[in-house]
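# What the coordinates show
Residues per chain, in single letters:
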Amino acid sequence: MKTYLVTGGAGFIGSNYIHYMFKKYGENIRIINVDKLTYAGNLENLKEVADRENYTFIKADICDSEAIFKIFEENEIDRVVHFAAESHVDRSIKDPDVFVKTNVLGTLVMLNAAKAAWELPDDTFKKDKNFLHVSTDEVYGSLENEGEYFYETTPYDPHSPYSASKAASDFLVKSYMDTYRFPANITNCSNNYGPYQFPEKLIPLIINNALQGKKLPVYGDGKNVRDWLYVEDHAKGIDMVQEKGRLFETYNIGGHNEKENIKIIHIILDTLQEMLPEGDPRKELVSETLITYVEDRKGHDRRYAIAPDKIKEEVGWYPETMFEDGIKLTIRWFFENEDWLQRVTSGDYQNYYEDMYQTR
Ligand code: NAD
Ligand code: TYD
């Protein structure tokens, strides 16, 4: 039975990944979830798995070497899936320091702890160990022309403090692979959407605001393009890379689903109208008149797009969920989890939200 150490498992993608893995492997794996529970980490995301005997939660900061080394000393870890990070570009523009601490120094701690646990006296590594570093396509920078795609060979050109910190962490992982032959993979994925996404990111923010009749802030001209990937497809891709990918390789995981932000907003509004039952008071609130163009994000990357050819050819993964289906699954989840939304939009998040949008 393999033991997985998942970092950041209480966040959006991490919690979806843990649900996916238990659905797929049931009792045949053990998962240890290490999370600091920042504003973005919510144990409520994992309440269905909390009592499983093959699941353990440890509240710890990945920058805390002592705590992380102890986990590796006390458990024979086979797989690391490293999600923990500060993940929101707007926050990184306001406060880059914590991005460097968690994303760069935290990744270094994770690498050192796994290396110490897995390295043999002859400088080789124990068999069948894997450290999968979850990264982003934002490290490749911005595509300016239609028809261009990010490939694994595209040079890094990060623009935001967030993407720069992720690029630095990717390079650290790469350096451990190149220098020590440390058994790892890097995945760079496109924008995820789905259940449990914190409503500071575009899709859940628009769903949440539209249902309350609040303004829908569109940065700049609304024509920036993102390549949307349904989060469960991403979880499956990560598992497939660890099981079928070639060690030391990078795999891009993309939705092949490029859309302008304004188009996404229109799709969400139309889908909400379609899915809200007649007589539901929210039906009156959901309206295109809420769309509000606001000041652009500083350094706003124009377009991201992944051609997921390598992962398809080598691993057999492809994005299965069409956007029209994925957005309905997501909206249905938000309908059924209004209390979740209310809780995460109170407190800290509320303060942040007001601070971020007061000048827009
Ligand atoms: P998230 O912000 O929803 O969750 C991050 C999780 O990490 C939270 O549970 C948080 O508590 C935890 N965390 C933060 N700092 C920590 C620390 N110092 N120690 C321990 N835990 C800490 O992020 P997400 O959207 O789920 O993203 C997960 C990973 O995927 C990140 O590495 C991100 O860069 C990458 N990624 C995300 C997207 C996306 O669309 N969301 C796209 C590409 C790549
Ligand atoms: P976001 O979800 O923050 O992801 P990322 O910046 O990592 O791609 O933003 C997605 C796109 O939506 C990006 O082009 C910025 C834009 N955006 C808005 O127009 N309004 C908003 O309120 C937010 C949060 C994002």
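Right, let's walk through the structure included here. (Residues numbered from 1 in each chain as written. Chains lettered and ligands numbered in written order. Predicted model: local features only at pLDDT ≥ 70, side-chain atom pairs only at ≥ 80, totals over all residues. Heavy atoms only, no water.)

## Regarding the sheet that holds strand 2 (residues 29-35)
Reading across the sheet, the seven strands line up as 3-2-1-4-5-6-11 and stay open at both edges, with parallel pairing between neighbours. Edge positions in the open sheet fall to strand 3 (55-59) and strand 11 (250-253), since each of these has one partner strand only. The mean angle between the axes of side-by-side strands here comes to 20 degrees, regardless of whether they run parallel or antiparallel. Sheet analysis places strand 4 (residues 79-82) next to strand 5 (residues 130-136), joined by four bridges and oriented parallel. Note that in strand 5 the partner of Val 80 across the bridge is Phe 131. Across the sheet, helix 4 (residues 97-118) lies against strand 1 (2-7), strand 4 and strand 5, angled at about 165 degrees from strand 5, the strand it touches most. (Pairing = 2+ DSSP bridges. Helix = DSSP H or I, 4+ residues; strand = E, 2+ residues; numbered from the N terminus. Axes fitted to C-alpha atoms, helices over the stretch in contact; angles between N-to-C directions. Contact = heavy atoms within 4.5 Å.)

## Quick word on unusual backbone geometry
Not every positive phi belongs to a glycine, and Leu 37 is a case in point at roughly 60 degrees. Here Leu 37 is to be found in the loop between strand 2 and strand 3.

## What about the site of ligand 2?
For ligand 2, the set of nearby residues contains 18 residues, the closest of which are Glu 138, Pro 217, Arg 226, Arg 297 and His 300. Backbone polar atom of Tyr 219 to an oxygen atom of ligand 2: 2.9 Å apart, as the coordinates give it. Between ligand 2 and Arg 226, the relevant distance is 2.7 Å, taken from an oxygen atom to a side-chain nitrogen or oxygen of the residue. Starting from 510 Å² of accessible surface for ligand 2 in isolation, the protein chains cover 98%. The dominant element in the shell around ligand 2, judged by the number of residues it contributes, is strand 8 (residues 216-219), at three residues. A breakdown of the residues in the shell around ligand 2 according to their chemical character gives eight nonpolar, five polar and five charged. (Near = heavy atom within 4 Å. Polar contact = N/O pair within 3.5 Å; in protein donor to acceptor, adjacent residues only side chain to side chain. Areas by Shrake-Rupley, 256 points an atom, 1.4 Å probe, with all protein chains shown as cover. Nonpolar A, V, L, I, M, F, W, Y, C, P; charged D, E, K, R; others polar.)

## Focus: the environment of Tyr 162
By the secondary structure assignment, Tyr 162 is in helix 5 (residues 161-180). The spacing of Tyr 162 and Ala 307 is 145 residues in sequence and 22 Å in space, taken between C-alpha atoms. Excluding residues that lie within four positions of it along the chain, Tyr 162 makes contacts with Glu 86, Ser 87, Val 89, Ser 92, Phe 99, Asn 103, Thr 136 and Glu 138.

## Remarks on empty space enclosed by the protein
In total, this model carries two cavities of 30 Å³ or more according to the counting rule given. Within this model, the second largest cavity holds a volume of roughly 70 Å³. What lines the second largest cavity is simply Val 89, Ile 93, Glu 138, His 159, Ser 160, Arg 226, Arg 297, Lys 298, Gly 299, His 300, Asp 301 and Tyr 304. Class assignment for the residues of the lining of the second largest cavity results in three nonpolar, four polar and five charged. (1 Å grid on protein atoms, 1.4 Å probe; cavity = no way out; pocket = protein on both sides within 12 Å on 5 of 7 lines; lining within 4 Å. Points joined across faces, edges and corners; volume = space filled by probe spheres on them.)

## Details of the packing of aromatic side chains
A full pass over the atoms with the stated rule returns 22 aromatic pairs. Each residue in the set Phe 72, Trp 118, Phe 125, Phe 131, Tyr 176, Tyr 180 and Phe 182 is aromatic and connected to the rest through ring pairs, giving one cluster. The positively charged end of Arg 91 is found above the aromatic ring belonging to Tyr 39, 3.4 Å away from the centroid. Above the plane of the ring of Tyr 180 lies Lys 115, whose end atom (NZ or CZ) is 4.2 Å from the centre. (Phe/Tyr/Trp six-rings, centres within 6.5 Å; stacked < 30°, edge-to-face > 60°. Lys NZ or Arg CZ within 6 Å of the ring centre and 35° of its normal.)

## So, the site of ligand 1
Around ligand 1, the structure places 28 residues, and the nearest of them are Ile 13, Asp 35, Ser 87, Tyr 162 and Lys 166. Between Thr 38 and ligand 1, the recorded distance is 3.0 Å, taken from a backbone N or O atom to an oxygen atom. Within the side chain of Lys 166, an N or O atom sits 2.6 Å from an oxygen atom of ligand 1. Bound to the protein, ligand 1 loses 97% of the 840 Å² it would expose on its own. It is strand 5 that contributes the most residues to the shell around ligand 1, three residues altogether. Grouping the constituent residues of the shell around ligand 1 by class yields 13 nonpolar, 11 polar and four charged.

## Here's the deal with the side chain of Asn 75
Along the chain, Asn 75 turns up in the loop between helix 2 (65-74) and strand 4. Given a relative accessible area of 14%, Asn 75 falls into the buried group. Asn 75 has contacts with Arg 30 and Ile 32, leaving out every residue within four places of it along the chain. (Buried < 20%, exposed > 50% of the residue type's maximum accessible area, 1.4 Å probe, protein only.)

## Points about the nonpolar core
Tyr 17, Ile 18, Ile 31, Ile 203, Ile 268 and Leu 272 are the most contacted members of the largest nonpolar core, which totals 65 residues. The element best represented in this core is helix 8 (residues 261-275), accounting for eight residues. Discounting residues that sit within four places of it in the chain, Ile 18 has contacts with Val 6, Gly 9, Ile 31, Asn 33, Leu 46, Val 49 and Tyr 55. Counting residues in each nonpolar core, the second largest holds 25 residues, with Val 34, Ile 77, Met 177 and Ile 186 among its members. (Core = buried A, V, L, I, M, F, W, Y, C linked by side-chain atoms within 4.5 Å.)

## Focus on the packing of helix 4 against helix 5
Where helix 4 contacts helix 5, the axes come no closer than 8 Å and their chain directions differ by 20 degrees. Relative to helix 5, the element helix 4 lies roughly parallel. Viewed along their axes, helix 4 and helix 5 form a crossing whose handedness is right-handed. The residues of helix 5 that touch helix 4, namely those facing Phe 99, Val 100, Asn 103, Val 104, Thr 107, Leu 108, Leu 111, Asn 112 and Lys 115, are Tyr 162, Ser 165, Lys 166, Ala 168, Ser 169, Leu 172, Val 173, Tyr 176 and Tyr 180. (Parallel < 35°, antiparallel > 145°, perpendicular 65-115°, else oblique. Left-handed = near helix turned anticlockwise from the far one by under 90°.)

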